[in-house]
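So the chains spell out like this:
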Amino acid sequence: DNSADPSQQEAKQREAEIRNTILAQVLDQAARARLSNLALVKPDKAKAVENYLIQMARFGQLPGKVSEQGLIEILEKVSQQTEKKTTVKFNRRKVLDSDEEDD
């Protein structure tokens, strides 16, 4: 990381501080703890939820602090949007059945 531009590192650090400040303003303590636990297990999902919360906060769509229950609902919404649908398709080959014997 020493070869990276110091101004880029400062910009990333400032952005992280701004994100943390916004999240601290919109989440209550329990919701913040849940989000940090999620970040340990699924960092991509936590980042998506953070982005969603920050976007809502910027547009004034959050009435007050988000509780832990509110965060759970947001997590469910994000999970549904990012859910990978797995489908299994069976291709059955038509083979002559040896059980059928012509007498």
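Presented here is an overview of the structure given in this document. Model, not experiment: these values are computed from the prediction. Once a new chain begins, its residue numbering starts again from 1 and follows that chain's sequence as written. Local features in this predicted model are restricted to residues of pLDDT 70 or higher, and side-chain atom pairs are both shown and tallied only at a pLDDT of 80 or more, whereas totals for entire chains, interfaces and linings draw on every residue. Heavy atoms throughout the structure, all of them, feed into the side-chain values; hydrogens and water do not.

Okay, the overall build of the protein chain next. To qualify as a helix, a DSSP run of H or I must reach at least 4 residues; to qualify as a strand, a run of E must reach at least 2; elements of each kind are numbered from the N terminus. On a plain count of helices and strands, the protein chain comes out with four helices and zero strands. Going from N to C terminus, the protein chain has its helices and strands arranged as α-α-α-α. The rule is simple: take the accessible area with a 1.4 Å probe, protein chains only, and divide by the maximum for that residue type; under 20% is buried, over 50% is exposed, in between is partly exposed. Taken over 103 residues, the protein chain has a buried fraction of 20%. For the protein chain, the share of sequence-separated contacts (at least 6 apart) that also reach a separation of at least 24 residues comes to 68%. Total accessible area on the protein chain is roughly 9,000 Å²; 47% of this is exposed by carbon and sulfur atoms. Should any heavy atoms of two residues lie within 4.5 Å, those residues are considered in contact. Method for areas: the Shrake-Rupley scheme with a 1.4 Å probe, in which residue coverage is limited to the protein chains shown.

Here, axes are lines fitted to C-alpha atoms. For helices the fit covers the stretch in contact, and angles between N-to-C directions go from 0 to 180 degrees. One can describe the packing of helix α2 (residues 29-41) onto helix α3 (residues 43-58) by two numbers: an axis separation of 6 Å at closest approach and a directional angle of 140°. Comparing the axis directions of α2 and α3 gives the class oblique. Of the residues in α3, those in contact with L35, L38, A39 and V41 of α2 are P43, K45, A46, V49 and E50. Residue classes follow a fixed rule: Ala, Val, Leu, Ile, Met, Phe, Trp, Tyr, Cys and Pro count as nonpolar, while Asp, Glu, Lys and Arg count as charged, and any other residue, Gly among them, counts as polar. Looking at side-chain class alone, the contact of α2 with α3 contains seven nonpolar, no polar and two charged residues. We call two directions roughly parallel when the angle between them is under 35 degrees, roughly antiparallel when it is over 145, roughly perpendicular when it lies between 65 and 115, and oblique otherwise.

On to the pattern of salt bridges. We count a salt bridge whenever a side-chain nitrogen from Lys or Arg sits within 4 Å of a carboxyl oxygen from Asp or Glu. As enumerated under the stated definition, the model contains two salt bridges in all. For R19, the salt bridge identified is with E50, shortest N-O distance 2.9 Å. Here R19 is found in helix α1 (residues 6-26), whereas its partner E50 is found in helix α3, with 31 residues between them in sequence. Look at R19 and you get buried, because its relative accessible area is 14%. Across the pair R34 and E68 runs a salt bridge, and its minimum N-O distance is 2.8 Å. One end of the pair, R34, is in helix α2; the other, E68, is in helix α4 (residues 68-82), and 34 residues separate them in sequence.

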